[in-house]
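These are the residues of each chain, in order.
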Amino acid sequence: MSRPDVDAVLDTIKEFDRIGRASFMDKYGFADRNITYEVEVGSRRYPSKAIFGAAYARMPGEVARTSETCDGKNAREHLARLGLKIVGGNLPNASPPPQSQADRIRIFVIRNYIEPARHKGEASIEIISGDVHSAMGLQNALPAVCSVLEGKAFAERAKVSLVDRHSPIGSDKPSSTIRYRFALQGGGIGLDMAVLERLKLAFLSLHPDFTNFADTPSFASNEGDYKQALIDEAQRLLAAMQDRPDAELGAAMIELLAGRTQLFCNLIDWRAQKVVDNAEEAQPGLVSAAAGRLARAEDATDGIMAFLDIVWPHMRGDLPSNPYAESRMFPTMLRALVDPETVLAIRSMPTDNAARALLGRPAFANAPLSREEQQTVTAMAREMMCVMDEEWGWAPRHLWDVQGFIWETCQKRLPDQTEPAIEEQPASEKAKPAMPQPTNLILYGPPGTGKTYRTAAEAVRLCGEAVPADRDELMDLYRSLSRKGRIGFVTFHQNFSYEDFVEGLRPQQAETDEQGDGGGTGFSLVPRDGVFKEMAKVAGENRGRALTQDLPPFDGSRKIFKMSLGRSWASEDDAIYQGALDGGYVVLGWGGDVDWSSPEYDDWEAIKRRWRQDHPDAHGNDPNMSQIYTFRTNMEIGSLIVISDGNMKFRAIAEVTGDYRFEPGPGGEYNHRRNVRWLWHSDESLPRERIYRKQLSQVSAYQMQSRQVVWDALEQIVASGGDAVATSGEPEPYVLVIDEINRANVSKVFGELITLLEPDKRAGQENALSVKLPYSGDDFSVPSNLHIIGTMNTADRSIALLDTALRRRFRFEEMAPDTSVEAFQKAEADTGLPLAAVLDAMNRRIEYLVDRDHRIGHAFFIGCETKAQVDAVMRDKVIPLLQEYFFDDWNRLAAVLGEKDRGGNFLACETIEDPLGEGDPMKSWRVRKEFDEGAYHRLVSGKVAPAPDAADPEAGAP
């Protein structure tokens, strides 16, 4: 069961506001009476039970809960754990300790801005006050947001320092446009708070009754009770045996950990215990004395390292593989029992999984536990403990509670972790190659912010290539990967549909052979793959690089042929194709039972004469003659063959390795063969468009046009091996770029596949899903090696209007106007114009008059070398774009250009009197033909040229 997350709850609240209280309660089956508890968002309150129940409908695989199937106590406790405020009634243990609005803002900013930036290794971060205000759903609270961001308490708690505060309008008052830049200090280990939130939800799904660590029955029975009893017993032993030798205390502690006392204990698995017992048996008293000293050591880390220095040489030779896991487990478990507030008890696999997820790096090397490793994982656990205590209100008692949390949530790797986990298993067990972590990314921003360039760089990077610094080199590499089929591109538009993107029915002529025999006549509607399904199939078929080093060249220097091995529409011909794969040959059905091996049949006329001996009426295009000539004579050793699957797909690729030979086939058919080396074949046929620009013909064998072959893509497919040759086993990454992703109806285009895009739902992942497609009936899943990059022009449609399901499954990265880009600064230097000041001034005014989504991007001016080129950009691109933004409201357009009530810089303005003399005069605006150099400086200052001569409306200030 997947309980509602924050996004689902907030989306449900939006629906409540949109359709109204009565309609909402009726729709989801809740009575609107005797409501005791409510959830408060902003300044509004909503029935907590109804919101919780309805929010289930927004979780994958779940349906809404009704009043009868939804528990009110669970509802309000879960909402409280998500950080939402519950009001009304008596709420013991229902929510974390009450927080002030300032505390909630601090926690929100630290969790969603500071920690992710610190986790990425960034040195600073910019935060806009209005973004925080909107994201938290606050109302009229901008003064509070600004006060928190400027306050000492926030700086100390977040471990940041305020570097700059910038107000676009130059005001010291709170507003939605204030930009704060913070320097990130080094304090803290830097947990990924978004991942920790995911672990929190996983933990709560295991313990629906959870309130805190001490008072939750399900946690107590699983983890808490027996561990607390062991801690108490270890403390008792330490006190009772303070005068006894180290070996006696150590022996008692070993028995306690081994579960050989009256107390239950499963902290140490049998392998670790076996290693300890064998070492103690081989060197009596050695391990027990070291264990006693470890328990009494003044410094925990020093004690653990001293224990390993003495005991490790006697432990390491006991098992076939070095028992590195045991070097971590036994000493930390023992010390954690006597020092529960200071030491994390380590189990290698879940602790390593937690470190990879929360810190972005593995916890342990392939070696015994080191001092740095022990200190790092303990610091991670202590920071987790602080979050649990200060932000979640879970009241952890010691690090054993954190250890229990890790044990229950990190047994398996989180879906977005790609490196193989450290397994506590015999070395002889071979690990499977790790599946790649898919990326779903949307780059959004106003026009001209470099989204196209960034998309190319990101696509190249995701394909595993180094990104060149030179733009031309980058685009050459991008185009090369595109030709190979590793990068696909599609543009969404208003008429783009599911049938274009996934699959749809398209008319196709019935397939026949050269004599007109086949499955039918005329046309029929058949399923055709859309761009996404086609790309997914190609990526899914990739099995890494072929290990063979002697692949033929794919440069157009060799002849290439298309062949059919049996009739694809005739199931009885399947054996022909399979026999060819198994036997390493291709076979032709035409040519009868004549043996064409003799050298005389190198000549076309000789083939015609021989065939007409038996068939006098045969015409010149008889396939028994033309096909055997192609197969026997025109096809050469070294030629390439593409095996078709109907007219629209291909299923194998081969290289000819032998001359023609006659070998009678079953029933006197398919008697003509040539040996081949299979370079690639697959059970999943691929669309011919991947490698050939023309439609395949129904002729059994013919030479393809080399100039129509996409040689790069053919090489890429062969290099992946398919089922034909051994491969590296690690799939190569593919990227699909979706331009203008917000211009189509995303829900309609993606359909049921929106769920399959999630990283953990991809093929090969832990929670992999597939769906049966409506037209073809195929079972379809999205491969993990297919990355998706979308671009979105925010001036065309706001990010806030995107489908919620899409937003939840993609990572959004803003591409804002940036005058610090090197190419922009070069344009400013080359032209001698204040382009950065011009762009900043226009964008501040646009943000005030419209919004920040409609700003002008820096890329418009990149490449300009002269004032004339800048003038052309302003006249032909920027001003027309502003006209569109303001719907030809020239007064507002003029305000952006700093001209206000009259032209003089970029615009000319005339006053037109009412010819009837009845109304007020009106202004007539138009773009000036020439812009003087001072126009750009006046745009920045907001000044306009002196009033022009009435006789010369184009005149302007010099």
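For the structure, check the block above.
A short tour of the structure in this document, coming up. (Residues numbered from 1 in each chain as written. Predicted model: local features only at pLDDT ≥ 70, side-chain atom pairs only at ≥ 80, totals over all residues. Heavy atoms only, no water.)

**So, the pattern of salt bridges**
- Under the defined criterion, the tally for this structure stands at 50 salt bridges.
- For Glu 233, the salt bridge goes to Arg 236, with nearest N and O atoms at 2.7 Å. Of the two residues, Glu 233 and Arg 236 are both situated in helix 10 (residues 217-240); the distance of three residues between them amounts to about one turn of the helix.
- Take Arg 236: its relative accessible area is 45%, and that puts it in the partly exposed class.
- Of the charged contacts in the structure, one is a salt bridge between Asp 529 and Lys 537, with a shortest N-O distance of 2.9 Å.
- A residue is classified by how much of its surface remains accessible, and Lys 537, at 7% relative accessible area, is buried.
- One network of salt bridges, in which partners are shared, links Glu 503, Asp 529, Lys 533, Lys 537, Glu 684 and Asp 778. (Salt bridge = Lys/Arg side-chain N within 4 Å of Asp/Glu carboxyl O. Helix = DSSP H or I, 4+ residues; strand = E, 2+ residues; numbered from the N terminus. Buried < 20%, exposed > 50% of the residue type's maximum accessible area, 1.4 Å probe, protein only.)

**Re helix 7 (residues 142-149)**
- Among the residues making up helix 7, those that are buried are Leu 142, Val 145, Cys 146, Val 148 and Leu 149. Each buried residue of helix 7 lies within a common arc of 160 degrees when the element is viewed along its axis, so the set occupies one face. (Arc of directions from axis to C-beta.)

**Remarks on the environment of His 854**
- Residue position: His 854 is located in the loop between helix 31 (835-849) and helix 32 (867-885).
- In this structure, the C-alpha to C-alpha distance between His 854 and Pro 446, residues 408 residues apart in sequence, is 5.6 Å.
- Leaving out residues up to four positions away in the same chain, His 854 has contacts with Pro 446, Thr 794, Ala 795, Ile 846 and Tyr 885.
- Among the polar contacts made by the side chain of His 854, one reaches the side chain of Asp 851 at a distance of 2.8 Å. (Contact = heavy atoms within 4.5 Å. Polar contact = N/O pair within 3.5 Å; in protein donor to acceptor, adjacent residues only side chain to side chain.)

**Concerning the sheet that holds strand 21 (residues 811-814)**
- If you walk across this open sheet you meet the five strands as 8-17-20-7-21, and the pairing is parallel. Looking at strand neighbours, the two that pair on one side only are strand 8 (487-491) and strand 21, the edges of this open sheet. Averaged over neighbouring strand pairs, the angle between their axes works out to 20 degrees when direction is ignored.
- Relative to strand 17 (residues 734-739), strand 8 runs parallel, the two being bridged by five bridges. Paired with Gly 488 across the two strands is Leu 736, which belongs to strand 17. (Pairing = 2+ DSSP bridges. Axes fitted to C-alpha atoms, helices over the stretch in contact; angles between N-to-C directions.)

**A word on the packing of aromatic side chains**
- Tallied over the entire structure, the rule returns 34 aromatic pairs.
- Taken together, the ring pairs in this structure connect Phe 203, Phe 210, Phe 213, Phe 219, Trp 392, Trp 394 and Phe 405 into an aromatic cluster.
- Sitting over the ring of Tyr 56, Arg 65 keeps its end group 3.8 Å from the ring centre.
- Over the aromatic face of Tyr 585 sits the side chain of Arg 673, whose NZ or CZ is 4.1 Å from the ring centroid. (Phe/Tyr/Trp six-rings, centres within 6.5 Å; stacked < 30°, edge-to-face > 60°. Lys NZ or Arg CZ within 6 Å of the ring centre and 35° of its normal.)

**Points about the sheet that holds strand 2 (residues 44-47)**
- As summarised here, the arrangement of the three strands in space is 2-1-3, forming an open sheet in which the pairing is antiparallel. The open sheet terminates on both sides in strands that have one partner only, identified here as strand 2 and strand 3 (85-87). Across the sheet, the axes of successive neighbouring strands diverge by a mean angle of 40 degrees, strand direction being ignored.
- As paired strands, strand 1 (residues 38-41) and strand 3 are joined by three bridges and run antiparallel to one another. Residue Val 39 lies in a different strand from strand 3, and its bridge partner there is Ile 86.

**What to know about unusual backbone geometry**
- The backbone of Ala 395 sits at a positive phi, close to 50 degrees, despite the residue not being glycine.
- Turning to its location among the elements, Ala 395 is positioned in the loop between helix 17 (371-390) and helix 18 (399-409).
- The class for Ala 395 is partly exposed, based on a relative accessible area of 38%.
- Of note in this structure, Tyr 670 is not a glycine but carries a positive phi near 50 degrees.
- By secondary structure assignment, the location of Tyr 670 is in the loop between strand 14 (649-662) and strand 15 (672-687).

**Section: the side chain of Ser 564**
- For Ser 564, the position within the fold is in the loop between strand 11 (560-563) and helix 23 (574-583).
- Engagement of the side chain of Ser 564 in a polar contact is seen with the side chain of Ser 644, the distance being 3.3 Å.
- Setting aside chain neighbours within four positions, we find Ser 564 in contact with Val 587, Ser 644, Val 699 and Ser 700.

**Concerning helix 32**
- For helix 32, with 19 residues, the first-to-last C-alpha span of 25 Å sits near the 27 Å given by 1.5 Å per residue.
- Residues Val 870, Asp 871, Val 873, Met 874, Val 878, Ile 879, Leu 881, Leu 882 and Tyr 885 constitute the buried set of helix 32. (Expected span 1.5 Å × (residues − 1).)

**Re a nonpolar patch on the surface**
- Nonpolar side chains collect at one region of the surface, where Leu 505, Leu 525 and Tyr 775 lie side by side and expose about 270 Å² of accessible area between them.
- In this structure Leu 505 comes out as partly exposed when scored by relative accessible area, which is 35%. (Patch = residues over 30% accessible without salt bridge, like charges linked within 9 Å, V, L, I, M, F, W, Y side chains within 5 Å. Areas by Shrake-Rupley, 256 points an atom, 1.4 Å probe, with all protein chains shown as cover.)

**Re the nonpolar core**
- Core analysis: the biggest nonpolar cluster contains 74 residues, and Leu 196 and Met 384 have the highest contact counts within it.
- It is helix 14 (residues 300-315) that provides the largest number of residues to this core, a total of eight residues.
- Not counting residues up to four positions away in its chain, the partners in contact with Leu 196 are Leu 191, Leu 358, Met 384, Val 387, Trp 392 and Phe 405.
- Counting 55 residues, the second-largest nonpolar core is a separate cluster that includes Phe 496, Trp 711, Val 746 and Leu 786. (Core = buried A, V, L, I, M, F, W, Y, C linked by side-chain atoms within 4.5 Å.)

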